[in-house]
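Listed below are the residues making up each chain.
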Amino acid sequence: MNAPSSAIESVLVENRVFPPSAATVAAARIAGMPAYEALCAEAARDYEGFWARLARDNVRWIEPFTRTLDESSAPFYKWFDDGVLNASANCLDRHIGTPVEHKTAIVFEADDGAVTRVTYRELLARVSQFANALKARGIRKGDRVVIYMPMGVEGVVAMQACARIGATHSVVFGGFSAKALQERIVDAGAVAVITASYQMRGGKELPLKAIVDEGIALGGCESVKTVLVHERTASAWNRVAGRDQTFVEALQDRSTECAPEPVGAEHPLFILYTSGSTGRPKGVQHSTGGYLLWAKLTMDWTFDIRPGDVFWCTADIGWITGHTYVAYGPLAAGATQVIFEGVPTYPNAGRFWQMIERHQVSVFYTAPTAIRSLIKAADSDAAVHPRNWNLSSLRILGSVGEPINPEAWMWYYTHVGGERCPIVDTFWQTETGGHVITPLPGATPLVPGSCTLPLPGIMAAIVDETGHDIPDGAGGMLVIKRPWPSMIRTIWGDPDRFVKSYFPEEMGGTIYLAGDGAVRSAGGPAGSGVDRGYFRITGRIDDVLNVSGHRMGTMEIESALVAKTDLVAEAAVVGRPDDLTGEAICAFVVLKRARPTGEEARQIANELRNWVAKEIGPIAKPKDIRFGDNLPKTRSGKIMRRLLRSIARGEQITQDTSTLENPAILDQLGQTN
Ligand code: WTA
């Protein structure tokens, strides 16, 4: 397991417990542990009945479902299969004629601080008009549309418009390279790309449309007939006649009314690419019905969202968090949400706190890596410490993306939440669609660094390689033993990989393997009154790294490095703990020429970093690059990654190296160049 070891160690000795205040419990939707236990008991008693009830209560169906769960072709589970609905109608139309209709849906703050507001009624009109523009370009139900957009109202409108006509969107994070974008366009067989001319981040104007052109020019994208361009700034961009249209042109004369397309509950709402153990990213396919249920339900359960709340999830729409907790969940729940275009450190590292005060944010959801960088900034510059702002509007804080170390948890709790706000440390994945293990703010006693307990109905467990339960207190592999409504349906175009990646035969072939290691405490936290064991995630057990909350496959980075064929002979990538980013990428490289040292090594390392940025994106740049004459290999030629992990951490090698063919290489790689 390659999680930050220091974080695990401090988590294991954590014994502070923070129960919800009596007032928080009294006001909460799931009020106290008995209410949580009652929901768990209901799910245990009648699993299908439990989900059927919640799906009827939370989702607006055009045709009600009569079958709840179909396990006949497990692990290809189907939920609410014969039900018919539309995701966009569930986020927008459902509010028309209710007090939410004229409420602000989105408060958008641009990079430069300019604020715009959109009500639910206006958003419905914009989404409908955009949906009509898509239809006018011949885009239909079942088509795939790639969205490569900055954070803004337009990105959400594009996603919702696809959902409205039944087109399956695939959002690609705006930080990914032309090559990464092209691979995703090709894999999804997209008929259109929706993008912006430029994006504004930290005062800088960065091209997006030019990257789309570059990606399409790489080949294989003949399916793309339309590129729609939101002109974010006044700067010029290159237009391809017949294919490209500005938003203004596409929307001209289009009606602001568009009936939502009815789709079956299992219709793919979206594909989102994420990293796995092997080189190629996998297109995680989500359903419409089960996914939407989860988005709505977890807004209610985890964030206990109320009519007066201002919700702010800082995630980009290019990641799953931005799908469930920006594009769908808050809208399905009828909440007012903040969407922010920029970066947390511009114009200074007080930006988040200033925005919380300015928009009176009450539920704030961000990533540990952001918190750690803002702690560092506040430590060195008192002017950006959260104490400079009035954060009393805050009610609930959330964390997502990686384990939060107890030190960061305590700072978040104390300095941001004023020791008043529960922190929901939400564990989930692209594949789970939404939260699966998380505290409930009005029920669960909190322990810093623990994601606490599974949501009601989530049958999470810790098992060994053969799928047998591991006793509490010992570490093992995290699994979910029963299917749940928002789970991944398949990997787009690769059902075999879906089965192999998540439902290993050795475990029986029907339980979901998360890919994370976890430990559950024996009994609840001391003095909490809870007798269920708490979960702690110890990090990925596969070759997936988590850098600043972004998932990166080691093999993906290795493939990018060896693709530099004029220079690189061989490469191995591992993670090492990093105080700021959680994990850092460390690459061991064998060149096709003599091993460089000194200035030459630095130069080549930079060249390789820029190469990886071009192949995947800047987020995949290795922090450390070490050169060797060779890599540590067994006699059968297998790279011994665990040794590389120790070297990357600067640890003494204590493991058995007797199977190593070339032991001298360890010393060489251990030297920093
Ligand atoms: C990690 C992000 C510990 C984990 C929603 C998981 C976490 C991967 C937490 C999924 C958390 C996410 N505590 N680890 N609260 N949340 N992770 O697909 O390793 O981008 O498998 O989804 O992030 O990353 P993904």
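All figures in this text were calculated on a predicted structure; none of them were measured in a lab.

1. Observations regarding the packing of aromatic side chains
- Inspection of every chain in the model, using the stated rule, returns 38 aromatic pairs.
- Centroid distance Phe-18 to Trp-409: 5.1 Å. Interplanar angle 40 degrees. Geometry classified as tilted. Residue Phe-18 is found in the loop between α1 (5-12) and α2 (22-27), and its partner Trp-409 is found in helix α15 (residues 406-416); the two are separated by 391 residues along the sequence. Just as Phe-18 is buried, Trp-409 falls in that class too.
- Put simply, the rings of Tyr-47, Phe-50, Trp-51, Trp-61, Phe-65, Trp-79, Phe-80 and Trp-294 pair up and form one aromatic cluster.
- Sitting over the ring of Phe-176, Arg-184 keeps its end group 4.5 Å from the ring centre.

2. Description of helix α3 (residues 33-45)
- Taking 1.5 Å as the rise per residue, α3 with 13 residues should run 18 Å; its terminal C-alpha atoms sit 18 Å apart, in good agreement.
- Elements that come into contact with the buried residues of α3 comprise α4 (47-58) and α11 (289-301).

3. Brief notes about the sheet that holds strand β16 (residues 310-313)
- Here we have seven strands laid out as an open sheet, ordered β5-β4-β17-β16-β18-β19-β20, and mixed in their pairing. In the strand order of this sheet, the two ends are held by β5 (115-119) and β20 (423-426), each with one partner. Averaged over all pairs of adjacent strands, the angle between strand axes in this sheet comes to 20 degrees, irrespective of strand direction.
- Direction of pairing for β16 relative to strand β18 (residues 363-366): parallel, over a ladder of three bridges. When the sheet's bridge partners are listed, Trp-312 is paired in β18 with Phe-364.

4. Looking at the pattern of salt bridges
- On inspection of all chains with the given rule, the structure shows 43 salt bridges.
- Taking the shortest distance from any N to any O, the salt bridge between Glu-154 and Arg-126 comes out at 3.5 Å. You can see Glu-154 sitting in helix α7 (residues 153-165) and its partner Arg-126 sitting in helix α6 (residues 120-136), a full 28 residues away along the chain.
- Salt-bridge contacts for Glu-600 lead to Arg-593; the nearest nitrogen and oxygen are separated by 3.5 Å.
- For Arg-593, a relative accessible area of 45% corresponds to the partly exposed category.
- Within this structure, Arg-29, Lys-296, Asp-300, Asp-304 and Arg-306 form a network of salt bridges that share partners.

5. Observations regarding unusual backbone geometry
- Residue Pro-75 is bonded to the preceding Ala-74 through a cis peptide linkage, with omega at 5 degrees.
- Turning to its location among the elements, Pro-75 is positioned in the loop between β1 (69-70) and β2 (78-79).
- In this structure, Pro-347 follows Tyr-346 across a cis peptide bond, with omega equal to -5 degrees.
- With respect to the helices and strands, Pro-347 occurs in the loop between β17 (336-340) and α13 (351-359).
- Unlike most non-glycine residues, Gln-360 shows phi in positive territory, near 55 degrees.
- One can find Gln-360 in the loop between α13 and β18.
- Even without being glycine, Thr-452 reaches a positive phi, approximately 65 degrees.
- When you line up the elements, Thr-452 lands in the loop between β20 and β21 (460-463).
- For Thr-452, a relative accessible area of 0% corresponds to the buried category.

6. A short note on the nonpolar core
- Among the nonpolar cores identified, the biggest contains 123 residues, and Trp-51, Leu-123, Phe-130, Ile-194 and Tyr-328 are the most heavily contacted of them.
- By residue number, the principal contributor to this core is α7, which donates nine residues.
- Residues within four places of Ile-194 in sequence aside, it is in contact with Phe-130, Leu-134, Val-145, Val-146, Ile-147, Tyr-148, Met-149, Ala-158, Leu-228 and Phe-247.
- Of all hydrophobic cores here, the second largest spans 46 residues; its members include Tyr-148, Val-212, Val-227 and Val-589.

7. Some words on the side chain of Thr-68
- As for its placement among the helices and strands, Thr-68 is situated in the loop between α4 and β1.
- Residue Thr-68 is classed as buried on the basis of its relative accessible area of 10%.
- Setting aside chain neighbours within four positions, we find Thr-68 in contact with Glu-48, Trp-51, Ala-52, Lys-78, Trp-79 and Phe-80.

8. Considering the environment of Thr-369
- If you trace the backbone, Thr-369 turns up in helix α14 (residues 368-380).
- In this view, Thr-369 contacts Glu-402, Ser-548, Gly-549, Leu-580 and Thr-581; residues no more than four positions away in its chain are not counted.
- Of note is the side chain of Thr-369, whose polar atom sits 3.5 Å from the side chain of Ser-548.

Thresholds, definitions, all that
Residues numbered from 1 in each chain as written. Predicted model: local features only at pLDDT ≥ 70, side-chain atom pairs only at ≥ 80, totals over all residues. Heavy atoms only, no water. Phe/Tyr/Trp six-rings, centres within 6.5 Å; stacked < 30°, edge-to-face > 60°. Helix = DSSP H or I, 4+ residues; strand = E, 2+ residues; numbered from the N terminus. Buried < 20%, exposed > 50% of the residue type's maximum accessible area, 1.4 Å probe, protein only. Lys NZ or Arg CZ within 6 Å of the ring centre and 35° of its normal. Expected span 1.5 Å × (residues − 1). Contact = heavy atoms within 4.5 Å. Pairing = 2+ DSSP bridges. Axes fitted to C-alpha atoms, helices over the stretch in contact; angles between N-to-C directions. Salt bridge = Lys/Arg side-chain N within 4 Å of Asp/Glu carboxyl O. Core = buried A, V, L, I, M, F, W, Y, C linked by side-chain atoms within 4.5 Å. Polar contact = N/O pair within 3.5 Å; in protein donor to acceptor, adjacent residues only side chain to side chain.

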